[in-house]
Amino acid sequence: MTLAERRVGDVTLLELAGRLVYNEGDVLLRARINDLLAQDRVKIVVDLERVTAIDSCGVGELVARLVSARQKGGNVKLLHLSRRSHRVMEISKLLDVFEAFDSERAAVDSFSTPRGA
Amino acid sequence: MPPDEAARLAALRQYRILDTEPERNFDDLALLASQICGTPMALITLVDASRQWFKSRVGVEFIETSRAISFCTHAIEQAGIMIVPDAREDARLRDNPQVTGAPYIRFYAGAPLVTRDGHALGTLCVLDREARTLTAEQIQALDALRRQAEAQLELRRNLVELQQALTARDRAEAEQAALIEQLRAAYADLRRLSALMPFCSTCQFTMTIPADPAAIPALTDGVVQVLQDKGWAEDDVMAVELAMQEAVANAIRHGCRGDRSKQLECAITLDGSGEVVITVRDPGPGFDPSAVANPLDPANVLKPSGRGIFLITGLMDDVRFTDGGRALQMRKKKA
């Protein structure tokens, strides 16, 4: 898996490409988000559009980083859920846990708009 | 001993010059040194761990001497040319058997041959049986010849490095060509098999694969290809692929504890009824599937792990564990 990073204001966008599965992308994602949190960059959007495979380890890693970010007053939100990742999230009942968006603008703006407002 | 002795000897090895045949380029320099300095003997020496070996020699019969009686071993410990007008009066050399006995050396002038990394490998030296000295012009000429000898050494090392690089390139090219040929053959096999697939009423594959996560995509890609050839719907193919990814990753992670030297067995059967049956068996201690916590429980929903089996159950029609949890069998019917 590869991971590209962009900043939009105080929001960090992580664009993943490749396999977010056991022993492939999970370690890289953990390290990068932990780095961001250590720098107090706690508003994170993970773009899954170019993720070709995802499994319970990949999803588990996203959940773990979500928990860490929320503990620091931030959040991990998802962008461009593929059919594959949507299905895994749906079966795991995680669609209610994560905020997911189809547009980058909406994902970034959501950090300045309280949920439900 | 020079303070950099170990590194110096390692550098000497890199030149691959010890015990090689005489070479005109070096011999000419020794000859010129002997003629310009007017000495009956001249040498290009290389100081090895316990000997000094002569790449070129004028007026000297033997090709090497013990380092213990070497003059040059002293010369390489100092910067610049070491000149000994009369060895009988030099504390380091007066008891040397080459001074007290044949060939009765009296005069010695040795210019250290220093590498581009600063290691003195040996010398260009001139020797005489008479006590004497050199004129300023002769010293200057000896130093100029020393520079030429060093240049010859560097040229040699560059050639050695070039040859090594060319050999490495040739080897890499040969390996690449062999790999491409293997891939071409594998692809041809695959195409032949793949062409048969739509006509197979029953397919069965049993594979033993290393417990290496890197092996998973090849396995899942193969199953995806078979199901696509059999006209399965995209969503169902995706479900089987995801379930296999989970099952095999689980077997590697838990059944084999991530030990890549272990092996898994994977059996895939696709029969005439359009049902795929996949069994993944690991060599681990087994486990009790009923003891796995429900990941949808509010207490577990934010946990990072524990979703694999639940996911497989959600994706496939029927999932069961046998052999004390060591084998997972999952089925899905074509829609």
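Remember, predicted model here, so these are calculated numbers, not experimental data. Residues take numbers from 1 onward in each chain, read along the sequence in its written order. Lettering for chains starts from A, numbering for ligands starts from 1, and both go in the order in which the items are written. Two thresholds apply to this predicted model, a pLDDT of at least 70 for residue-level local features and 80 or more for giving and counting side-chain atom pairs, whereas whole-chain, interface and lining totals are computed over all residues. Water and hydrogen atoms were dropped before computing side-chain values, which therefore reflect all heavy atoms in the structure.

1. Observations regarding the interface of chain A and chain B
Contacts: residue pairs with any heavy atoms within 4.5 Å of one another. Taken together, the contacts link 24 residues of chain A with 27 residues of chain B. Accessible area, probed at 1.4 Å, shrinks when two parts are joined; the buried area is that loss added up over both. Around 2,300 Å² of area is buried between chain A and chain B when both sides are counted, 61% of it from carbon and sulfur atoms. Three residues, Tyr22, Arg87 and Ile91 of chain A, lead the burial of chain A against chain B; their summed loss comes to 29% of the area buried on that side. Any Lys or Arg side-chain nitrogen found within 4 Å of a carboxyl oxygen on Asp or Glu counts as a salt bridge. Where chain A meets chain B, there are three salt bridges. The salt bridge involving arginine 84 of chain A is made with glutamate 241 of chain B; its shortest N-O contact spans 3.0 Å. Secondary structure is summarised from DSSP: a helix means a run of H or I of at least four residues, a strand means a run of E of at least two, and numbering begins at the N terminus for each. At the level of elements, helix H2 (56–71) and helix H3 (83–91) of chain A are the ones that each hand at least two residues to the side of chain A that touches chain B. Of the residues forming the side of chain A that touches chain B, the biggest block, eight residues, is contributed by H2 of chain A. For this classification, the nonpolar set comprises Ala, Val, Leu, Ile, Met, Phe, Trp, Tyr, Cys and Pro, the charged set comprises Asp, Glu, Lys and Arg, and every other residue, Gly included, is treated as polar. Split into classes, the residues belonging to the side of chain A that touches chain B amount to 13 nonpolar, four polar and seven charged.

2. Re the packing of H3 of chain A against helix H7 (residues 234–255) of chain B
Lines are fitted to the C-alpha atoms to define the axes, a helix being fitted only along its stretch in contact, and any angle between axes, read from their N-to-C directions, falls within 0 to 180 degrees. Contact pair H3 of chain A / H7 of chain B: the axes reach a minimum separation of 11 Å and the direction vectors enclose 65°. Every pair of crossing elements has a handedness; the one defined by H3 of chain A and H7 of chain B is right-handed. Listed contacts from H7 of chain B to Arg83, Arg84, Arg87 and Val88 of chain A of H3 of chain A are Glu234, Asp235, Met238, Ala239, Glu241 and Leu242 of chain B. Looking at the contact of H3 of chain A with H7 of chain B, its residues break down into four nonpolar, no polar and six charged. Working rule for handedness: look at the near helix, and if it is turned counterclockwise from the far one by less than a right angle, call the crossing left-handed; if clockwise, right-handed.

3. Things to note about the sheet that holds strand E3 (residues 43–54) of chain A
All names here are of chain A. Pairs of strands are assigned from DSSP output, requiring at least two bridges between the strands. One open sheet holds the five strands; their spatial order is E1-E2-E3-E4-E5, and the pairing between them is mixed. In this open sheet, the two strands that pair with only one neighbour each are strand E1 (2–8) and strand E5 (100–101). Of the strand pairs in this sheet, E1 and strand E2 (residues 11–20) are connected by seven bridges, and their pairing is antiparallel. The partner of arginine 6 across the bridge, within E2, is leucine 13. Running over the sheet, H3 touches E3 and strand E4 (75–79) and is turned about 105° from E3.

4. A few points about the confidence of the model for chain B
Low-confidence regions, as indicated by low pLDDT, have predicted coordinates that should not be scrutinised in detail. Here chain B averages 91 in pLDDT, and 100% of its residues register 70 or above. Both confidence scores are given for the complex: pTM 0.58, ipTM 0.89. Along the chain, pLDDT gives the predictor's confidence residue by residue, from 0 to 100.

5. Section: the packing of aromatic side chains
Classification of ring pairs rests on two measures: the distance between centres of Phe, Tyr or Trp rings, Trp counted by its six-membered ring, which must be within 6.5 Å, and the angle between planes, read as stacked under 30 degrees, edge-to-face over 60 and tilted in between. Under the defined criterion, the tally for this structure stands at three aromatic pairs over all chains. Considering the side-chain rings of phenylalanine 54 of chain B and phenylalanine 62 of chain B, the 6.3 Å spacing of their centres and the 45° angle between planes classify their relative orientation as tilted. With a relative accessible area of 36%, phenylalanine 62 of chain B lands in the partly exposed category. Where phenylalanine 287 of chain B meets phenylalanine 321 of chain B, the ring centres are 5.1 Å apart and the plane angle is 85°; that geometry is what we call edge-to-face. Of this pair, phenylalanine 287 of chain B sits in the loop between strand E9 (275–281) and helix H8 (308–315) while phenylalanine 321 of chain B sits in strand E10 (residues 318–322), and the two are 34 residues apart along the sequence. Phenylalanine 321 of chain B gets classed as partly exposed once you look at its relative accessible area, which sits at 22%. Counted as over-ring charges are cases with an Arg CZ or a Lys NZ within 6 Å of the ring centre that also lie within 35 degrees of the ring normal. Taking NZ or CZ as reference, lysine 77 of chain A lies 4.3 Å from the ring centre of phenylalanine 111 of chain A, over its face. Throughout, exposure labels follow a simple rule: accessible area from a 1.4 Å probe, protein chains only, divided by the maximum for the residue type, with under 20% read as buried, over 50% as exposed, and the rest as partly exposed.

6. Here's the deal with the pairing of strand E11 (residues 327–333) of chain B
All names here are of chain B. Pairing analysis gives seven bridges linking E9 to E11, with the strands arranged antiparallel. Bridge pairing links valine 276 to lysine 332 in E11. Where E10 meets E11, five bridges bridge the pair, whose relative direction is antiparallel. In the strand pairing of E11, valine 319 is matched with methionine 330.

7. Here we look at helix H2 (residues 24–37) of chain B
Residue and element names in this part refer to chain B. For H2, with 14 residues, the first-to-last C-alpha span of 20 Å sits near the 20 Å given by 1.5 Å per residue. Those residues of H2 lying buried are Phe26, Leu29, Ala30, Ala33, Ser34 and Cys37. Around the axis of H2, the buried residues are gathered within 130° of arc, so they sit on the same side. Looking at H2, the residues exposed on the side facing more than 90 degrees away from the buried face are Arg24 and Gln35. For H2, the elements touching its buried residues are strand E1 (41–47), strand E2 (51–58), strand E6 (120–128) and helix H5 (136–196). Positive backbone phi, at 65°, marks glycine 38, one or two positions downstream of H2. Each residue after the first adds 1.5 Å to the expected span of a helix. What the arc measures is the spread of directions leading from the helix axis to the C-beta atoms.

8. Remarks on helix H1 (residues 5–14) of chain B
All names here are of chain B. What H1 keeps buried is the set Glu5, Arg8, Leu9, Ala11 and Leu12. Down the axis of H1, the smallest arc covering the buried residues is 160°, so these residues share one side. Buried residues belonging to H1 abut E1 and E6. With its phi angle positive at about 45°, arginine 16 sits one or two positions after the end of H1.

9. Describing the side chain of threonine 115 of chain B
Residue and element names in this part refer to chain B. Within the fold, threonine 115 resides in the loop between strand E5 (107–114) and E6. Residue classification places threonine 115 among the buried positions, given a relative accessible area of 8%. Residue contacts for threonine 115: discarding those within four places in its chain leaves Tyr15, Leu121 and Glu154.

10. Some remarks on the packing of helix H1 (residues 26–38) of chain A against H2 of chain A
Packed helix pairs are characterised by how far apart their axes lie and by the angle those axes make with each other. Residue and element names in this part refer to chain A. Contact geometry of H1 with H2 gives a least axis separation of 10 Å together with a crossing angle of 10°. Considering their axes alone, H1 and H2 lie roughly parallel with respect to each other. In this structure, H1 contributes Asp26, Leu29, Arg30, Ile33, Asn34 and Leu37 to the contact, and H2 contributes Cys57, Glu61, Leu62, Arg65, Ser68 and Ala69. Classifying every residue of the contact of H1 with H2 by side-chain character gives six nonpolar, two polar and four charged. Throughout this description, any angle smaller than 35 degrees is read as roughly parallel, any larger than 145 degrees as roughly antiparallel, any in the 65 to 115 degree range as roughly perpendicular, and the remainder as oblique.

11. Here's the deal with the nonpolar core
Counting residues in hydrophobic clusters, the biggest one holds 68 residues, and the most contacted among them are Leu16, Val46, Leu48, Leu62 and Phe98 of chain A together with Ile278 and Met330 of chain B. The biggest single contributor to this core is H7 of chain B, with twelve residues. Excluding residues that lie within four positions of it along the chain, methionine 330 of chain B makes contacts with Ala243, Met244, Ala247, Val276, Val277, Ile278, Ile312, Met316, Asp318 and Val319 of chain B. Here the nonpolar core consists of buried residues drawn from Ala, Val, Leu, Ile, Met, Phe, Trp, Tyr and Cys, with membership extended through side-chain atoms lying within 4.5 Å. Residues Leu12, Ala33, Leu113 and Ala149 of chain B belong to the second largest nonpolar core, which totals 26 residues.

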